Amino acid sequence: MVKQTIQIFARVKPTKKPTADYSVDCEEQGSNLEFMVPRDLADGFINNKRENYKFRFQKVFDQRASQEEIFETIAKPVADNVLAGYNGTIFAYGQTGSGKTFTITGGAEHYNDRGIIPRTLSYLYHHFSKDSSMIYTTQISYLEIYNEAGYDLLNPQHEASRLEDLPRVTLMEDSDQNIHLKNLSLQQSANEEEALDLLFLGDTNRMIAETPMNEASTRSHCIFTIHLCSKEPGSAMVRCSKLHLVDLAGSERVGKTGVGGQILTEAKYINLSLHYLEQVIIALSEKNRSHIPYRNSMMTSVLRDSLGGNCMTTMIATVSVERKNIAESMSTCRFAQRVALIKNDPLLNEELDPALLIGRLKKEIQSLKEELALVTGEQRSDKLTQEEIQQLEKQVNVYLEDPDCEVTLDLGPDMRKIHFCFSLLKVKVQERSCSQNGVSNGSSPSLMGMSDGEERKSHAELQKLRDTLTHRDNEISILVNMLKREKRKVQDVTSQIAQLHNQNPSTYSSSWSPPKPLQAEESEKCDTSIDYTHIHHLITRKRVPELSVGQQAAFEVFLRDHEDRLTIEDNRAVLQQRFVEAKTLGEQVYQIRIRVNELKTQLKIRRKQMAAQVLTGNQTESESDSVEERILNQIEEEKKNYKITSGYLKGLKTEIEHLQLMREKAKVKLQKDFENWWTQEGARLQGHSAENTESSPSHVSPLSCMFTRNNSPKVDDTDSQERRQREQTSFSSREQRALPSADLSFTSIPLIGDKQTDADIQAFIRARHNLLNNTVCCSLP
């Protein structure tokens, strides 16, 4: 294929307020993005600085551009080339908070916010289902480069271990300067749902931190790779291509953001790797450069083919047009202009199927060995392998069953095979003679006088009876096993009822009931299996710890004020609505099928009637039947409705699966936020409790008691009860004076009967009333 330059596009991040610091000029051959930077009056009246900066792209997507438009213009052509057998790469570049992750991965709040990765997966698997002329296999990998160290985001130990304990992905280079990644797993994905599950797992394991520029800033470079192999049935050629979807970490000015600690270290590594990327871009854009510094960083080494190699590469420059970010946006546009000068040389990745090639070479080796033995006259002394013995047995059976008398048995010059075939023929002849003698000796006098045809018929009937007897034996054994299984179930149920009766005879003596019937028991087993499947699914997603009663009450307060509560409720409502719509569409599809079958039955009856009229002479064959035409038109209309409704139902199913993934992702985020909040509140209240103990030993905060009780050693029960009573009395008196209208009775609060746990619950409720009391007092003038 002819060399082509890297395609560059620009996307403008939406702003809260309209701004006039930029303009977009769209033309037929491309688009221009222009920035207006007014002169600073502090530089004096004589100021020759430029005010307008114009940059050219293939297309500039303004603030109102949708994710669907981005995919159709940028990602879809690259995906089509990958299906044709070419490598492809799409990477987003820009400063922190300019919308790179939103463009590549998408948002988790709405279904229409899906990014390039989920839309590309949906497009590819939809193409696989439509194209039956090719056989496709896909594998997925997800690489994270954090502080110049590579990690596998699809590693199952990623959630349970620390980042430092995980095996690192290392680079290996062969003699042809091809890069290979050690410890990076390739996961098979048979359908779109499995691929989205892998994407969700990788996004959950990414390094994310809060910075002054972005509340959820990705602190690492991530490369999502789709490995695709396609092959025509019966063909020896295989096309293997790969698609890199790269989400680069954003560059930021440390002096401007003022970060420190671990975030500062991450920012240093991010800026350094982006600096090395720019060095590679500059070296590739210069014609006379003989050395390209790919090995300076891990990211440039992995993307060697994407930058000046065998790949079709596309870049998306994400810019923020707010006045404080104009300088960084212009720097991003300058980088894109340098990238546009690079030319790649994409090639069709087509090769022979390795399995077929190995089989062909084995046959060639075997034929060469046989020719060598024939020429030299040497006989082989090694034994025949099991595969050779099976092949010879098959050839002998084909030779014996062939009715042609002139057929030959081709064994080559190998005497081992010739001796084996003669011995095999001898064994078969002996077995046939023994079977004939047994039949003649065991036959009754009535069979002695039978002809050959009658004898063959009797043998066939005998064989048929033997087969029937074998089937009946199998049926009896199956029924016996089923009877034993049901008997075992009844015994298990009876033993469980007896155990329950022994544990609490007063309760179960009056309410004992006979064992449940078989259908009810099977339904309960189905429900239990469903529950276990759901629990296993949740365990594979994220192991959720069990919450105590106090933590559950605190979680309700935390959830009420959480920022994602409305989003979770909206997604739940949308998911329920989609389920109702899917059920309605399913019923419509079912009704359409019933109507089509009824119309086909009517059409069949009508054609029979018309055939009868033609036979009786009442009507000729050339005359058209209006009733038949009407039925055919109705069938065509129902088929059209069936296709349309089925398409809607399929799209709705994809949307429901995506909403379920977003819901699981929101649950994981909510759990992490609650754990962090619980840890911070526990540490703060423990410190507050220690200060109150030093200042006034008689006053202890109930919420601090709830956090510190689990970590403190147990004391005497009498002392703890007396101290708890004094705290309840003092706290109740103070709260009644502060909030006379509050109802402090705990009769409406469910308790479990354990003294320690009940005290924790009451302490949390008092702490909550205390916090509300402080809030009301502070709000009063």
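Only a predicted model underlies this, so the values are computations on that prediction, with no experimental measurement involved. All residue numbers refer to positions counted from 1 along the written sequence of the respective chain. Where local features are concerned, this predicted model is filtered to residues with pLDDT of at least 70; where side-chain atom pairs are given and counted, the filter is 80 or more; whole-chain, interface and lining totals use all residues. Each side-chain value is derived from all of the structure's non-hydrogen atoms; neither hydrogens nor water enter the calculation.

Concerning the pattern of salt bridges
Between side chains of opposite charge, pairing is possible as soon as their charged atoms come close.
Consideration 1: By definition here, a salt bridge exists when the distance from a side-chain nitrogen of Lys or Arg to a carboxyl oxygen of Asp or Glu is within 4 Å. This model, assessed by the stated rule, comprises 13 salt bridges.
Consideration 2: The partner of arginine 578 in a salt bridge is glutamate 655, with the nearest N and O atoms 2.9 Å apart. Of this pair, arginine 578 sits in helix α17 (residues 565-616) while glutamate 655 sits in helix α18 (residues 626-695); the two residues are 77 residues apart in sequence, bridging distant segments of the chain.
Consideration 3: Linked by salt bridges that have partners in common, Glu173, Arg295 and Arg304 make up one network. To qualify as a helix, a DSSP run of H or I must reach at least 4 residues; to qualify as a strand, a run of E must reach at least 2; elements of each kind are numbered from the N terminus.

Focus: the sheet that holds strand β3 (residues 22-26)
Consideration 1: A pair of strands is treated as paired once DSSP finds two or more bridges between them. Spatially, three strands are ordered β3-β4-β5 in an open sheet, and the strand pairing comes out antiparallel. Looking at the sheet topology across the chains shown, the edges are occupied by β3 and β5 (52-57). Across this sheet, the average inter-strand angle for adjacent strands is 20°, counted without regard to direction.
Consideration 2: In terms of strand pairing, β3 meets strand β4 (residues 31-36) through five bridges, oriented antiparallel. By the bridge assignment for β4, tyrosine 22 is matched with phenylalanine 35.
Consideration 3: Whether two residues are in contact is decided by their heavy atoms, any of which lying within 4.5 Å being enough. The axes are straight lines fitted to the C-alpha atoms, using for helices just the contacting stretch, and the angles between their N-to-C directions are given from 0 to 180°. Of the strands in this sheet, β4 and β5 are in contact with helix α8 (residues 326-339), which crosses β5 at around 40°.

A short note on the pairing of strand β16 (residues 237-247)
Consecutive side chains along a regular strand alternate between the two faces of the sheet.
Consideration 1: In this structure, strand β7 (residues 88-93) lies alongside β16, joined through five bridges in parallel fashion. Bridge pairing in β16 links threonine 89 to histidine 244.
Consideration 2: One ladder, built from ten bridges, connects strand β15 (residues 221-231) with β16; its direction is antiparallel. For histidine 227, the partnering residue across the bridge sits in β16 and is lysine 242.
Consideration 3: Sheet topology places β16 next to strand β19 (residues 350-352); three bridges connect them, and they run antiparallel. Its bridge partner lying in β19, methionine 237 is registered against leucine 352.

A look at helix α3 (residues 116-130)
Along an α-helix, residues three or four positions apart point the same way, because every turn accommodates 3.6 residues.
Consideration 1: Each residue after the first adds 1.5 Å to the expected span of a helix. Along its 15 residues, α3 runs 21 Å from first to last C-alpha, staying within 8% of the 21 Å computed at 1.5 Å per residue.
Consideration 2: Taken residue by residue, α3 has Ile116, Ile117, Pro118, Arg119, Thr120, Leu121, Ser122, Leu124, Tyr125 and Phe128 as its buried positions. Partly exposed residues are those whose accessible area sits between 20% and 50% of the maximum for their type, while under 20% is buried and over 50% is exposed, using a 1.4 Å probe and protein chains only.

What to know about unusual backbone geometry
Note: most residues except glycine have negative phi, and most peptide bonds are trans.
Consideration 1: Phi at asparagine 147 takes a positive value of approximately 55°, unusual for a residue other than glycine.
Consideration 2: Along the chain, asparagine 147 turns up in the loop between β8 (135-146) and β9 (149-152).

Quick notes on the packing of aromatic side chains
Consideration 1: Two rings from Phe, Tyr or Trp (for Trp, the six-membered ring) form a pair when their centres are within 6.5 Å of each other. A pair whose planes differ by under 30 degrees is stacked, one over 60 is edge-to-face, and the rest are tilted. Taken as a whole, this structure holds seven aromatic pairs when the rule is applied.
Consideration 2: Ring geometry for phenylalanine 9 versus phenylalanine 61: centroids 6.3 Å apart, planes at 35°, classification tilted. Of this pair, phenylalanine 9 sits in strand β2 (residues 7-12) while phenylalanine 61 sits in strand β6 (residues 59-61), and the two are 52 residues apart along the sequence.
Consideration 3: Residue classification places phenylalanine 9 among the buried residues on the basis of a relative accessible area of 9%.
Consideration 4: Where phenylalanine 35 meets phenylalanine 55, the ring centres are 6.1 Å apart and the plane angle is 65°; that geometry is what we call edge-to-face. Of this pair, phenylalanine 35 sits in strand β4 while phenylalanine 55 is found in strand β5, placing the two residues 20 residues apart along the sequence.

Looking at the packing of helix α6 (residues 262-285) against α8
Consideration 1: Direction vectors running N to C along α6 and α8 enclose 40°, while the axes themselves pass 9 Å from each other. The orientation of α6 with respect to α8, classified from their angle, is oblique. Our pair here, α6 against α8, has a crossing hand that is left-handed. Of α8, the residues touching α6 (which contributes Leu277, Glu278, Ile281, Ile282 and Ser285) are Phe335, Arg338 and Val339. Roughly parallel covers angles under 35 degrees, roughly antiparallel covers those over 145, roughly perpendicular covers 65 to 115, and oblique covers all other angles. Crossings are classed by handedness, with left-handed meaning an anticlockwise turn of the near helix from the far one by less than a right angle and right-handed meaning a clockwise turn.

Some details on the nonpolar core
Consideration 1: Of all hydrophobic cores here, the largest spans 45 residues; its most connected members are Leu33, Phe35, Phe57, Leu248, Leu277 and Met315.
Consideration 2: When neighbours within four sequence positions are excluded, leucine 33 is seen to be in contact with Val12, Tyr22, Ser23, Val24, Tyr53, Lys54, Phe55, Phe57, Val60, Val319 and Cys333.
Consideration 3: What makes a nonpolar core is a set of buried Ala, Val, Leu, Ile, Met, Phe, Trp, Tyr and Cys residues whose side-chain atoms join them at distances within 4.5 Å. Counting 40 residues, the second-largest nonpolar core is a separate cluster that includes Phe9, Ile90, Leu196 and Ile226.

Overview of the state of the cysteines
Consideration 1: Disulfides are defined as cysteine sulfur pairs within 2.5 Å. Across all of its chains, the model carries zero disulfides by this definition.
Consideration 2: As a non-bridged cysteine, cysteine 240 has cysteine 229 as the owner of its nearest cysteine sulfur, 3.0 Å distant.

What about the pairing of β4?
Consideration 1: In terms of burial, β4 is a largely internal element, five of the six residues being buried.
Consideration 2: Between β3 and β4, which follow one another and run antiparallel, lie four residues.
Consideration 3: Relative to β5, β4 is paired through six bridges, and the arrangement is antiparallel. Note that in β5 the partner of leucine 33 across the bridge is phenylalanine 55.

Notes on the environment of phenylalanine 91
Consideration 1: Residue placement: phenylalanine 91 occurs in strand β7.
Consideration 2: For phenylalanine 91, a relative accessible area of 5% puts it in the buried group.
Consideration 3: Each C-alpha atom of the pair phenylalanine 91 and isoleucine 104 lies 8.0 Å from the other, and the pair is 13 residues apart in sequence.
Consideration 4: Ignoring sequence-local partners within four residues, the contact set of phenylalanine 91 consists of Val246, Leu248, Thr313, Thr314, Met315 and Ile316.

A look at the side chain of serine 297
Consideration 1: Its location among the elements puts serine 297 in the loop between α6 and α7 (298-302).
Consideration 2: With relative accessibility at 4%, the residue serine 297 sits in the buried group.
Consideration 3: Once residues lying within four places of it in the same chain are set aside, the contact partners of serine 297 are Glu148, Ser273 and Tyr276.

Observations regarding the packing of helix α1 (residues 67-84) against α3
Consideration 1: Close contact between α1 and α3 brings their axes to 10 Å; oriented N to C, the two are set at 50°. Judged by the inter-axis angle, α1 sits oblique to α3. By crossing handedness, the relation of α1 to α3 is classed as right-handed. Touching Gln67, Glu68, Ile70, Phe71, Ala75, Lys76, Ala79, Asp80 and Leu83 of α1 are Ile116, Arg119, Thr120, Tyr123, Leu124, His127 and Phe128, all from α3.
Consideration 2: Here the contact of α1 with α3 is composed, by residue class, of nine nonpolar, three polar and four charged. Gly falls in the polar group here, along with every residue not listed as nonpolar (Ala, Val, Leu, Ile, Met, Phe, Trp, Tyr, Cys, Pro) or charged (Asp, Glu, Lys, Arg).

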